[in-house]
Structures are given as C-alpha cells and as structure tokens.
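Overview (structure and organization)
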Amino acid sequence: MSLGKRKPSNFYLANFLGKECILSGIMSVNGKKVLHMDRNPYYGGESASITPLEDLYKRFKIPGSPPESMGRGRDWNVDLIPKFLMANGQLVKMLLYTEVTRYLDFKVTEGSFVYKGGKIYKVPS
C-alpha cells in the first residue's frame with residue numbers, strides 16, 4: 001500500500017520508564033498521539049496498583065480465589081509499593097495538569113500496613 005500524498009501523522013512511540021503513564025498523559029494533553037504498551041495487564045511495572053483482587057491472586061500465584069467475606073474484587077486496589085504524594089509536590093502538579101485527577105480521590109492517610117514474613121505490620125509500628 002502506497003502512502004501517496006498522505007501527510008505523515010504526528011504519532012509518537014516511546015519506551016517510557018518510571019512515570020510512564022504521566023509522561024504519556026502529558027504528551028496526550030499537549031495534542032500528541034501516544035501508543036502506550038505494557039507487557040503486564042496493568043500499568044506501572046513494579047510500582048503498580050493491582051485491581052481487582054483476583055488479579056492480585058494471579059500476580060502472586062495464590063491458589064484459589066479471594067474469599068467472599070472480602071467483598072467484590074473491584075472494591076480492592078492494592079499498591080505493590082505504597083505511594084505518598086507531597087501535597088504541593090511536582091507529581092501532584094503533573095496529575096492536575098494531565099486532568100487524571102477526575103479519576104483520583106485524595107485523602108489523608110488513615111494507616112499504612114506492610115506484609116512481611118507472613119504477618120501484617122502497621123507502619124510506623
């Protein structure tokens with residue numbers, strides 16, 4: 001198929017590392033066409049948030065499915081690495097600029113827990 005006299009498209013394909021969703025979001029907000037690909041069924045690599053809960057079970061090869069007592073799987077969102085944002089930091093400014101804040105809720109941290117050695121610990125302990 002010949003391109004003929006078609007004008008080339010402004011399309012960007014990049015290998016994003018780190019804050020890949022934010023960078024592709026900034027490019028998109030600025031009118032660029034971005035193809036964002038990830039080898040995982042979720043974005044964010046090792047710092048992703050996994051939802052629904054069933055996907056977390058698959059990710060860590062936990063046999064079976066979550067017990068019904070835990071409610072709906074979509075009600076859970078588990079961070080692989082806990083994230084805290086400084087209220088007036090650069091990351092918050094980028095999130096506001098890309099308008100992803102429509103999909104986010106900000107709130108004061110009520111508690112943070114880690115799972116280590118088969119036990120759940122409150123941080124700080």
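The model shown is predicted, which means the values in this text are computed figures rather than measured ones.

What follows deals with the nonpolar core. If you look at the biggest cluster of nonpolar residues, it comprises 6 residues: Tyr42, Ala48, Ile50, Leu53, Leu56 and Tyr57. Filtering out sequence-adjacent residues up to four positions away, Leu53 remains in contact with Pro66, Met70, Gly73, Trp76 and Val78.

Turning our attention to unusual backbone geometry. A cis amide bond links Thr51 to the next residue, Pro52, at an omega of 0°. Its location among the elements puts Pro52 in the loop between strand S3 (49–50) and helix H2 (53–59).

Attention now moves to the pattern of salt bridges. Under the definition given, this model contains 2 salt bridges. For the salt bridge of Lys58 with Asp55, the shortest nitrogen-to-oxygen distance reads 3.9 Å. One end of the pair, Lys58, and the other, Asp55, are both in helix H2, 3 residues apart, so they sit about a helical turn from each other. The class for Lys58 is exposed, based on a relative accessible area of 63%. Among the salt bridges present, the one from Asp75 reaches Arg72, with a minimum N-O distance of 2.8 Å.

Now for the packing of aromatic side chains. All told, the structure shown has 0 aromatic pairs when counted by the stated rule. Sitting over the face of the ring of Phe60, Arg59 holds its NZ or CZ atom 5.2 Å from the ring centroid.

Here is what the cut-offs are and how they apply
Residues numbered from 1 in each chain as written. Predicted model: local features only at pLDDT ≥ 70, side-chain atom pairs only at ≥ 80, totals over all residues. Heavy atoms only, no water. Core = buried A, V, L, I, M, F, W, Y, C linked by side-chain atoms within 4.5 Å. Buried < 20%, exposed > 50% of the residue type's maximum accessible area, 1.4 Å probe, protein only. Contact = heavy atoms within 4.5 Å. Helix = DSSP H or I, 4+ residues; strand = E, 2+ residues; numbered from the N terminus. Salt bridge = Lys/Arg side-chain N within 4 Å of Asp/Glu carboxyl O. Phe/Tyr/Trp six-rings, centres within 6.5 Å; stacked < 30°, edge-to-face > 60°. Lys NZ or Arg CZ within 6 Å of the ring centre and 35° of its normal.

Take it as geometry only, folks, not as evidence of what the structure does.
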